[in-house]
Amino acid sequence: MTTSAHPMLPAPTPPRRSGARLLLQPGWLSIIVLAIIFAALCFSVLAPWQFGRNEERQMQNSQIRAAGAAAPVDALTVLSIGTEPSTEAIWRTVSATGTFRESGQVQVRLRQEEGVAANEVLVPFDLTTGEVLLVDRGYITQIQLQAGETPPALPREQITISGRVQQDQPDPANRAPQLTGNQLSYTGIDPAQILPNEPNVLSGFIQLTETSPGVMSPIGMPQIEDGPFLSYALQWITFGAIALLAIGFFAYREVAESGPDDESASDAAGNDPGSGADVGPAAKLKFSKSDLYD
């Protein structure tokens, strides 16, 4: 008597979850939440921040254009003792009458002129009305200084100068001035520091224009450009939209490609209602005696 091989039954396939249930798993929930948070940051924080910077730059450009186009005024109309010049006064051309105080000439280091290391040369200007105005003559490069050049001599007679108004530019690190030879140099422009014993010193200073007496290499007007801020804002909006569209696409694909849920999968695999025959798991386990013996 021989025995026949027992037919191998297929291993049961684990039921698949429906797409909607898959999206409720911790992994999917984490991805969805992160995508929503990222998009919310793009729309409510990052993009508005860049829009704000773009608006500030446009306002600054408008102010510079207006100041450059305005007619020159007397320096004392926009400069005063103890009060910084207003934002609207910056880059405004002013005139002043008096005499240079050449003995008080100092330099401001750590500056650049068209990418070349340079110092700015500052000198007190005594107004005929009694106030003291700090004047920026312009640049002298480090190459010129190393070659032994010195700032050109100043006019000694009473003259009228013209320059563009600037607010104080103090050194944030508050570094002490340096004395090299007989030349005193600072790292910031602050009339209260450069002229500490002057009770009538005006706040702010002026940068001499190209045609003013006493000017050296003049400091020009800043370039007017909008910058990349608007482009950055639109990019953040695009990134937020892409995050939402991407998570929506992958979620839809997961739902569309997933199988039926546990109960529907079991019903579909176990019974065929149209045939009337039992083809479920119980039917697969039925066998006859001929399966056991020859």
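In this text the structure is predicted, and so the values were computed from the model without any measurement. (Residues numbered from 1 in each chain as written. Predicted model: local features only at pLDDT ≥ 70, side-chain atom pairs only at ≥ 80, totals over all residues. Heavy atoms only, no water.)

A. Quick look at unusual backbone geometry. Phi is positive for Trp91, which is not a glycine, with a value near 75°. Among the secondary structure elements, Trp91 is positioned in the loop between β1 (73-74) and β2 (93-100). Phi angles above zero are rare outside glycine, and Asn174 is one such case at about 55°. As for its position among the elements, Asn174 is in the loop between β6 (159-166) and β7 (178-180). Overall, the relative accessible area of 61% leaves Asn174 in the exposed class. (Helix = DSSP H or I, 4+ residues; strand = E, 2+ residues; numbered from the N terminus. Buried < 20%, exposed > 50% of the residue type's maximum accessible area, 1.4 Å probe, protein only.)

B. Here's a closer look at the environment of Tyr232. Residue position: Tyr232 is located in helix α5 (residues 229-257). With 183 residues separating them along the chain, Tyr232 and Trp49 place their C-alpha atoms 9.6 Å apart.

C. Quick look at the pattern of salt bridges. For the structure shown, the criterion picks out five salt bridges. Residue Arg164 is joined to Glu210 by a salt bridge in which the shortest nitrogen-to-oxygen separation is 3.4 Å. Note that Arg164 is positioned in strand β6 and Glu210 in the loop between β9 (201-208) and α5, a separation of 46 residues in sequence. By relative accessible area, Arg164 is classed as buried at 10%. With a relative accessible area of 47%, Glu210 lands in the partly exposed category. Across the pair Asp171 and Arg175 runs a salt bridge whose closest N-O atoms are separated by 2.8 Å. The exposure class of Asp171 is buried, given its relative accessible area of 11%. What makes Arg175 partly exposed here is its relative accessible area of 40%. Through salt bridges with shared partners, one network takes in Arg101, Asp126 and Glu198. (Salt bridge = Lys/Arg side-chain N within 4 Å of Asp/Glu carboxyl O.)

D. Looking closely at the pairing of strand β4 (residues 116-127). Taking burial as the measure, the 12 residues of β4 include nine buried ones, the bulk of the element. The pairing of β2 with β4 spans three bridges and is classified as antiparallel. Considered in β4, the bridge of Phe100 is made with Phe125. Note that strand β3 (residues 106-113) and β4 share six bridges and pair antiparallel. Looking across to β4, one finds that Val108 is bridged to Glu120. (Pairing = 2+ DSSP bridges.)

E. A look at the nonpolar core. One finds Phe100, Phe125, Leu133, Val135, Ile161 and Ile206 to be the most contacted residues of the largest nonpolar core, which totals 19 residues. For this core, the elements supplying multiple residues, two or more each, are β2, β4, β5 (132-141), β6 and β9. When residues no more than four places from it in sequence are discounted, the contact partners of Phe100 are Val123, Pro124, Phe125, Val135, Leu154, Pro155, Ile159, Ile161, Pro213 and Gly214. Core analysis: the next-biggest nonpolar cluster, separate from the first, contains 11 residues, Val106, Leu122, Leu134 and Tyr186 among them. (Core = buried A, V, L, I, M, F, W, Y, C linked by side-chain atoms within 4.5 Å. Contact = heavy atoms within 4.5 Å.)

F. Local environment of the side chain of Asn119. You can see Asn119 is positioned in strand β4. On the accessibility criterion, Asn119 (5% relative accessible area) is buried. Only 2.9 Å separates the side chain of Asn119 from the side chain of Gln107, close enough to count as a polar contact. Excluding anything up to four places from it in sequence, Asn119 contacts Gln107, Val108, Arg109, Leu110, Gly138, Tyr139, Ile140, Gln142 and Leu145. (Polar contact = N/O pair within 3.5 Å; in protein donor to acceptor, adjacent residues only side chain to side chain.)

G. Region of interest: the confidence of the model for the protein chain. Of all residues in the protein chain, 80% have pLDDT values of 70 or greater, and the mean over the chain is 84. Scored below 50 in pLDDT, residues 273-285 shows 11 contacts in the model against residues more than four places distant or in partner chains. For the stretch residues 289-294, pLDDT sits under 50, and the model shows nine contacts to residues farther than four places along the chain or on other chains. (pLDDT = per-residue confidence, 0-100.)

H. Highlighting helix α2 (residues 26-69). With 44 residues, α2 ought to run about 64 Å at 1.5 Å a step, and its terminal C-alpha atoms sit 63 Å apart, in line with that. Along α2, the helix axis deviates most sharply at Cys42, where the bend reaches about 40°. (Expected span 1.5 Å × (residues − 1). Bend = angle between axes of the 7 residues up to and from the residue.)

I. Focus on the packing of aromatic side chains. What the rule picks out here adds up to three aromatic pairs. Ring centres of Phe100 and Phe125 lie 4.9 Å apart, and the angle between their planes is 65°; this geometry places the pair in the edge-to-face category. Highlighted residues: Phe100 in strand β2 and Phe125 in strand β4, separated in sequence by 25 residues. For the pair Phe100 and Phe125, a shared accessibility class is recorded, and that class is buried. Ring geometry for Phe249 versus Phe250: centroids 5.2 Å apart, planes at 70°, classification edge-to-face. (Phe/Tyr/Trp six-rings, centres within 6.5 Å; stacked < 30°, edge-to-face > 60°.)

J. The arrangement of the environment of Thr187 in detail. Relative to the helices and strands, Thr187 resides in the loop between β8 (183-186) and α4 (191-194). Distance in space between the C-alpha atoms of Thr187 and Gln169 is 9.3 Å, their sequence separation being 18 residues. Residues within four places of Thr187 in sequence aside, it is in contact with Val108, Arg109, Leu110, Arg111, Asp171 and Arg175.

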